[in-house]
Each structure stands twice: as structure tokens, then as C-alpha cells.
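Each chain is listed here by its residues.
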Amino acid sequence: MSDDHSPSSRPDLDLTDAEREALHELELGLEHVYRGYGALLTFHHQIGHAMDHLAVAESRLRDAGHDAWADELRDHILPAGAVDDRWTYELVRAFQSGMLADVTDFESAVRDVLADGIDHVTERRQQAQWRERAGWNE
């Protein structure tokens, strides 16, 4: 059961050390971009929850007779964006179609050319070496 995604698939790819290291750094960079994307999604959700609470605060301020503050929330804070009048969903979409797509496509294209599309070549090689050392290949 060996395919391009199995641990033992082609750990011996004909790559120079520099190519292997470059692929590894590209993968690590991509993983950190995804972690940043996750943080951006967390930011998006946290700001959304904050806005929900501020909307409730608007209502409570109005109920308490503080119309001026309620109007300030309604007219200036709630409709405004998180960054330069952009709402967080717009930031998420811009990141998805920008850096996330660019880095993902670039890493994939380089990996396709250098390693026949096989991912984690450094880890696959290490796994094969450690399993061979332990006698798993016998």
C-alpha cells in the first residue's frame, strides 16, 4: 500500500541538500502562514462577539436614558470597520485571496517541480531512516 502520500513513498528523491532544505523551509513558512490565518480567523470571531456585545450595550444605554451614548455606538462605532473601515470578514477574504493563496500556490509549484509533488520530503526521509535503523524494513 504505497502511494505518493505514504510515509515510505520515495524518501530517496534525487534532491540536493540545498533543494531539500529549501522545500523544508517553504513548508515551514506555509505552515506559519496557516497559523497566522488561524489567528486572523480568531480575531474575526472575537471582534464579531465584541460587536454583538456593543450592540446590546447600545440598547441598554438607550433603556437607561443615555440616548447620546447609544447614538454614538449606533452611528459611529458599530458600522465602522475594524481596520480602515474594513470589517473583519473583508480582511479574512483579502488574506485568503492574497498572501494565503500566493504562498500556497508557490510552495505547491516548487514542490511539484523539485519533488514530483511529494510533501514533507525531509520528514519522510527521516522516518525511513529511523524505521530502517529500527529494523522495520526487514
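Anything mentioned here points back to the structure above.
Residues numbered from 1 in each chain as written. Predicted model: local features only at pLDDT ≥ 70, side-chain atom pairs only at ≥ 80, totals over all residues. Heavy atoms only, no water.

Caption draft 1: Layout of the overall build of the protein chain. What the protein chain contains, in helices and strands, is 4 helices and 0 strands. Counting from the amino terminus, helix and strand elements in the protein chain follow one another as α-α-α-α. A globule of 138 residues ought to have a C-alpha radius of gyration of about 14 Å, yet the protein chain, at 25 Å, is considerably larger. Dimensions of the protein chain, computed from the C-alpha atoms along their principal axes, are close to 80 × 30 × 25 Å. When each of the 138 residues of the protein chain is scored for burial, the buried share is 21%. Long-range contacts, defined as pairs at least 24 residues apart, comprise 66% of the intrachain contacts of the protein chain with a sequence gap of at least 6. Of the accessible surface of the protein chain, which amounts to about 9,700 Å², a share of 54% is contributed by carbon and sulfur atoms. (Helix = DSSP H or I, 4+ residues; strand = E, 2+ residues; numbered from the N terminus. Rg over C-alpha atoms; globule rule 2.2 N^0.38 Å. Buried < 20%, exposed > 50% of the residue type's maximum accessible area, 1.4 Å probe, protein only. Contact = heavy atoms within 4.5 Å. Areas by Shrake-Rupley, 256 points an atom, 1.4 Å probe, with all protein chains shown as cover.)

Caption draft 2: Broad picture of helix H1 (residues 17–63). Helix length check: H1 (47 residues) gives 69 Å between terminal C-alpha atoms against 69 Å at 1.5 Å per residue, within 8%. For H1, the set of buried residues is Arg20, Leu23, Glu27, Leu30, Val33, Tyr37, Leu40 and Glu58. Those residues of H1 hidden inside the fold are in contact with helix H2 (67–77), helix H3 (88–115) and helix H4 (121–133). (Expected span 1.5 Å × (residues − 1).)

Caption draft 3: Summary view of the packing of aromatic side chains. Under the definition given, this model contains 1 aromatic pair. Considering the side-chain rings of Tyr37 and Phe95, the 6.0 Å spacing of their centres and the 15° angle between planes classify their relative orientation as stacked. Separated by 58 residues along the polypeptide, Tyr37 in helix H1 and Phe95 in helix H3 bring together distant segments of the chain. Phe95 carries the same exposure label as Tyr37, and that label is buried. (Phe/Tyr/Trp six-rings, centres within 6.5 Å; stacked < 30°, edge-to-face > 60°.)

Caption draft 4: Representation of the packing of H1 against H4 in the model. In contact at an axis separation of 8 Å, H1 and H4 are set at 115° when each is read in the N-to-C sense. When the axes of H1 and H4 are compared, the pair comes out roughly perpendicular. Facing Asp17, Arg20, Leu23, His24 and Glu27 of H1, the residues of H4 in contact are Val121, Thr122, Glu123 and Arg125. Its residues placed into classes, the contact of H1 with H4 shows 2 nonpolar, 2 polar and 5 charged. (Axes fitted to C-alpha atoms, helices over the stretch in contact; angles between N-to-C directions. Parallel < 35°, antiparallel > 145°, perpendicular 65-115°, else oblique. Nonpolar A, V, L, I, M, F, W, Y, C, P; charged D, E, K, R; others polar.)

Caption draft 5: How the structure looks around the pattern of salt bridges. For the structure on display, the rule yields 7 salt bridges. With a shortest N-O distance of 3.0 Å, Asp71 and Arg62 are connected by a salt bridge. Relative accessible area serves as the criterion here: at 29%, Arg62 is assigned to the partly exposed category. Between Arg74 and Asp71 there is a salt bridge, with the nearest N and O atoms lying 3.4 Å from each other. Of this pair, Arg74 and Asp71 both sit in helix H2, 3 residues apart, roughly one helical turn. (Salt bridge = Lys/Arg side-chain N within 4 Å of Asp/Glu carboxyl O.)

Caption draft 6: Seen up close, the environment of His120. Looking at the secondary structure, you find His120 in the loop between H3 and H4. Beyond its immediate chain neighbours, meaning those up to four positions away, His120 contacts Glu27 and Glu31.

Caption draft 7: Structural context of the environment of Leu15. Structurally, Leu15 can be placed in the segment before H1. Considering only alpha carbons, one finds Leu15 and Leu114, 99 residues apart in sequence, at a separation of 7.4 Å. When neighbours within four sequence positions are excluded, Leu15 is seen to be in contact with Arg20, Leu23, Leu114 and Val121.

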